[in-house]
Amino acid sequence: QVQLVESGGGLVQAGSSLRLSCAASGRSWRTTVMAWFRQAPGKERTFVARITWSDTYTYYTDLVKDRFAISVDNPKNTVYLQMNSLKPEDTAVYYCAAASSLTTNPHEYNYWGQGTQVTVSS
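Here the structure is a predicted model, which means the values were calculated and not measured.

Chemist: So what's going on with the pattern of salt bridges? Residues and values would help.
Modeler: If you walk through the whole model with that rule in mind, you get three salt bridges. Two residues, Asp62 and Lys65, come together in a salt bridge whose shortest N-O distance is 3.4 Å. A salt bridge links Asp90 to Arg67, with the nearest nitrogen and oxygen atoms 2.7 Å apart. Note that Asp90 is positioned in the loop between β8 (78-83) and β9 (92-99) and Arg67 in the loop between β6 (59-60) and β7 (68-73), a separation of 23 residues in sequence. By the burial criterion, Asp90 is buried, and Arg67 matches it. Beyond isolated ion pairs, a larger network of salt bridges with shared partners links Arg38, Arg67 and Asp90.

Below, the structure written as structure tokens:
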């Protein structure tokens, strides 16, 4: 059984940085692609960034590509999201997810973590 556990969220001021972590257990072909999504109150869950465990094929939404960086640590089975120059509009619950193919569609992700809250004050 695949389990994803996020950590690292918090309350920060605009312009600050945070690093989110996602510890994955039970890796398989179904977890080839790892991604971060976010969901703001009253809004749909949206794609943020994705990566493969081989650390290739990174892809970002235009909203974050110059500020966020996704990476993997294979020995630790952990995926990170380094978030810099945070803005109030980045406030959301951030979710880690796993899929078997390169996609940005949340419905195609097989496994999800419980989410971690990121709040950016102005």
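Next comes the rest of the write-up.
Chemist: Provide a residue-level description of the sheet that holds β7, including the pertinent values.
Modeler: The strand order β1-β3-β8-β7 describes an open sheet built from four strands, whose pairing is antiparallel. Of all the strands in the sheet, the pair left with one neighbour each is β1 (3-7) and β7. The mean angle between the axes of side-by-side strands here comes to 15°, regardless of whether they run parallel or antiparallel. The pairing of β7 with β8 spans six bridges and is classified as antiparallel. Across the sheet, residue Ala69 finds its bridge partner in β8, namely Gln82.

Chemist: Give me the environment of Val12: which residues, what numbers.
Modeler: Note that Val12 resides in strand β2 (residues 10-13). Distance from Val12 to Gln117, taken between C-alpha atoms, is 11 Å for residues 105 residues apart in sequence. The residues touching Val12, leaving out its near neighbours within four places in the chain, are Leu18, Leu86, Thr119, Val120 and Ser121.

Chemist: For unusual backbone geometry, give the residues involved together with the corresponding values.
Modeler: Non-glycine residue Asn77 carries a positive phi angle of around 50°. In this fold, Asn77 is placed in the loop between β7 and β8. Of note, Ser85 is a non-glycine position whose phi angle comes to about 50°, a positive value. Mapping Ser85 onto the fold places it in the loop between β8 and β9. On the accessibility criterion, Ser85 (42% relative accessible area) is partly exposed.

Here is what the cut-offs are and how they apply
Residues numbered from 1 in each chain as written. Predicted model: local features only at pLDDT ≥ 70, side-chain atom pairs only at ≥ 80, totals over all residues. Heavy atoms only, no water. Salt bridge = Lys/Arg side-chain N within 4 Å of Asp/Glu carboxyl O. Helix = DSSP H or I, 4+ residues; strand = E, 2+ residues; numbered from the N terminus. Buried < 20%, exposed > 50% of the residue type's maximum accessible area, 1.4 Å probe, protein only. Pairing = 2+ DSSP bridges. Axes fitted to C-alpha atoms, helices over the stretch in contact; angles between N-to-C directions. Contact = heavy atoms within 4.5 Å.

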